[in-house]
Amino acid sequence: MKQSTLNVTFAVGFLAAAVGLLVARANPATSYEPSIYTGTPTATWVAFAIALAIAVSTVLICRGREQALGIGLGATTVTGIVSLPVIRNYRFSGMGDALTHLGWARDITRGELAPHELFYPAAHSIGAVFHYVGGVPIERGLLFTMIILFVPFLIFIPLVVRELTGTSLAIGAGAIVSWMILPINNIATHMGVHTNSNALFLVPVVIFAVLAYLRRRAAIERLPLGLSPFSLLLILSGVGLLLVHPQQMVNVVILIGAISVVQYVVRRRYDDHPILDHPTMYAHTVVLGVVFTLWAASNERFRGALVGLVTGIFTEDIGGSAEVDQRDSSLAEIGGSLGELFVTMFLDLALISLVVGFFILLVWLGRTGLDPETKAIVNYLSLSLVPLTGLFAVYFLGTPVMSFRQLGFIAVILTILAGVAIARAVGGLSNYITRPGGNAVAAVGLGACLVLGLMTVFASPMIYDPGQHITDQKFSGYETGLAHADDDIPHAGMGYDPYRYDHGLNGVEADEALSGATVATGDVDPEEFEAGNYDTAYHDRDYYFIMTQYDITREIEVYQELYHSEASLEAFETSPGTNKVISNDEFRMYAVAGPE
């Protein structure tokens, strides 16, 4: 392709990305959006599609500066998609843990909590910096933090692949796979203010430091006392990861520990092997392991999670199998299936896993023609998947949610190896068809996977999980309701427990927790509620019942009245013992009298 044609092509791509962002910015969300995909103007998605089509094509066929421009175009476009909650002026995005993180950040800004008192304070502290320096609300500061922590993933995946193999096709393929954002599965990892998920996007930084330490050994790069600058980079990046979320730090320790074991075995069994030229990682494993142990051992939250894991493993009907059975039953009742959901959410990851698995098998059989140095690094990463997958199995038996977080880390390793695997596959395919033909097949396949991956980055009704968009009206309703309610009457949410909103609005470190939100009274009994027994639906006592537009969308439109029917909600409105005390377009709060 001529240089002038390439220049025009890149100009069109970057212009399309800019137009998409400007159109999205000009159409902010004015009410709750169950899906950010349907809420964002079609013109934005058309513009992004043009930009990504150009990016995918150019990173596969171009080399050098032009390939870097293609990677930059794709990364910019994907960052724009991830940034849509900020661009379209969401007040906040994320319920559950996200609201608790918001509460901790609010506590820091109020001086009620010091950052070092948190187990993982990095994201909250960065959000507080945006709040103090930029003068933005803390909610927006945390959304900015989500983007800041995401960008390194798109930058360092291609850098890690370049460090691993150096071939342009592998770098381009790795970049495209990174745009699929495989670590996000919307079961336990989410694109939002969720520190465990945010930490996953920093893992490639640590892996880059590992590979740089192993492969770059020039004397000019040494620090005083013979310390490698890449050793320092590895320790600092590992500690940074610890401060974002410790679980991913554990996985990094397992990763470099596996590398250390491989190095030890090779040194015991071989006299001539590429790994013998690599500096050992024993010290790094010990240092990062000790740092994590000292940081975690004194934390009550960590000890509680560990006890929960052990209890889950040895308790009947707790674990992944019970969770899967429950989800399958619920999906069947609303006309869905686990198979359908798997294809939507995990097909990309499954295909990439198959490609990488076949590639690893060929490497172990000596059928790939890789140079010894690249083969050694591939063996490091592939063998580390053994203990990482073992830990996934332990989590699956004990705490299913943690297993899907572990899957997110494994997806990072697979993303890196996918770049090399796909490059070798395209090279093999080119032996049967032309090189342009091989690139075209790769572009079509990767492009299709990219579309599917980006369609499931955010929660939406397509995966039976409405978007967790929090509007000004919802926050206003909760703020008023929590401030003026009787402290002796518990709050019951139709969806999320209101104590999460108490965290987000009033902080986690408040002297008094939300009345009733944490007492052992349970949720509203849907069967009693459906039968019209509203007075006895909450353990025979007075209570406040909170209903939001998110709850109605989930229960009526997405769950198809699985737990609450539209008829029962209408009857609830006119029940003699029910009094509406707060109402706006997004939020309703009722005072419900218990039995006399």
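Along each chain, numbering runs from 1 in the same order as the chain's sequence is written. This being a predicted model, a pLDDT of at least 70 is required before a residue's local features are given, and a value of 80 or more before pairs of side-chain atoms are given or counted; all residues contribute to the totals for chains, interfaces and linings. For side-chain calculations, the full set of non-hydrogen atoms in the structure is used, while hydrogens and water are omitted.

Topic: unusual backbone geometry
Alright, step 1. Phi is positive for Asn89, close to 60°, though the residue is something other than glycine.
Alright, step 2. Here a helix means four or more residues in a row that DSSP labels H or I, a strand means two or more in a row labelled E, and each is numbered from the N terminus. Along the chain, Asn89 falls in the loop between helix H5 (84-87) and strand E1 (92-93).
Alright, step 3. With phi around 55°, Gln560 is a residue other than glycine that occupies positive phi space.
Alright, step 4. Note on placement: Gln560 falls in the loop between helix H24 (549-558) and helix H25 (566-573).

Structural notes on the nonpolar core
Alright, step 1. The term nonpolar core refers to a set of buried residues drawn from Ala, Val, Leu, Ile, Met, Phe, Trp, Tyr and Cys, joined through side-chain atoms within 4.5 Å. Burial classes follow relative accessibility: with a 1.4 Å probe on protein chains only, a residue under 20% of its type's maximum area counts as buried, one over 50% as exposed, and anything between as partly exposed. Core analysis: the biggest nonpolar cluster contains 160 residues, and Leu60, Phe92, Trp179, Ile181 and Met191 have the highest contact counts within it.
Alright, step 2. Contact criterion: two residues are considered in contact whenever any of their non-hydrogen atoms come within 4.5 Å of each other. If near-sequence neighbours (up to four positions away) are discounted, Met191 is found in contact with Val82, Met146, Phe150, Ile181, Ile184, Phe201, Val457 and Phe458.
Alright, step 3. In this structure, Ala492, Tyr538, Phe572 and Val592 belong to the second largest nonpolar core, which totals 16 residues.

Section: a negative patch on the surface
Alright, step 1. Residues forming no salt bridge and having over 30% relative accessible area are the ones grouped into patches, like charges within 9 Å of each other and nonpolar side chains (Val, Leu, Ile, Met, Phe, Trp, Tyr) within 5 Å. Note on areas: these come from Shrake-Rupley sampling with a 1.4 Å probe, and a residue is covered only by the protein chains present in the view. Only one rule defines a salt bridge in this text: a Lys or Arg side-chain nitrogen within 4 Å of an Asp or Glu carboxyl oxygen. His is not counted, nor are the chain ends, whereas Lys and Arg count as positive and Asp and Glu as negative. Think of each charge as sitting on NZ of Lys, CZ of Arg, CG of Asp or CD of Glu. Side chains of Glu530, Glu557, Glu561, Glu566 and Glu570 sit close together on the surface and give a patch of like negative charge.
Alright, step 2. With respect to the helices and strands, the residue Glu566 is situated in helix H25.
Alright, step 3. In this structure Glu566 comes out as partly exposed when scored by relative accessible area, which is 42%.

Things to note about the pairing of strand E6 (residues 587-592)
Alright, step 1. Across the six residues of E6, five count as buried, placing the element largely inside the fold.
Alright, step 2. DSSP-based pairing: two strands are paired if at least 2 bridges between them are found. Across six bridges, strand E4 (residues 543-548) lies against E6 in antiparallel orientation. Across the sheet, the residue bridging to Thr548 is Phe587, located in E6.
Alright, step 3. In this structure, strand E5 (residues 578-583) lies alongside E6, joined through five bridges in antiparallel fashion. The residue bridging Thr578 from the neighbouring strand is Val592, located in E6.
Alright, step 4. Hairpin connection from E5 to E6: three residues lie between these consecutive antiparallel strands.

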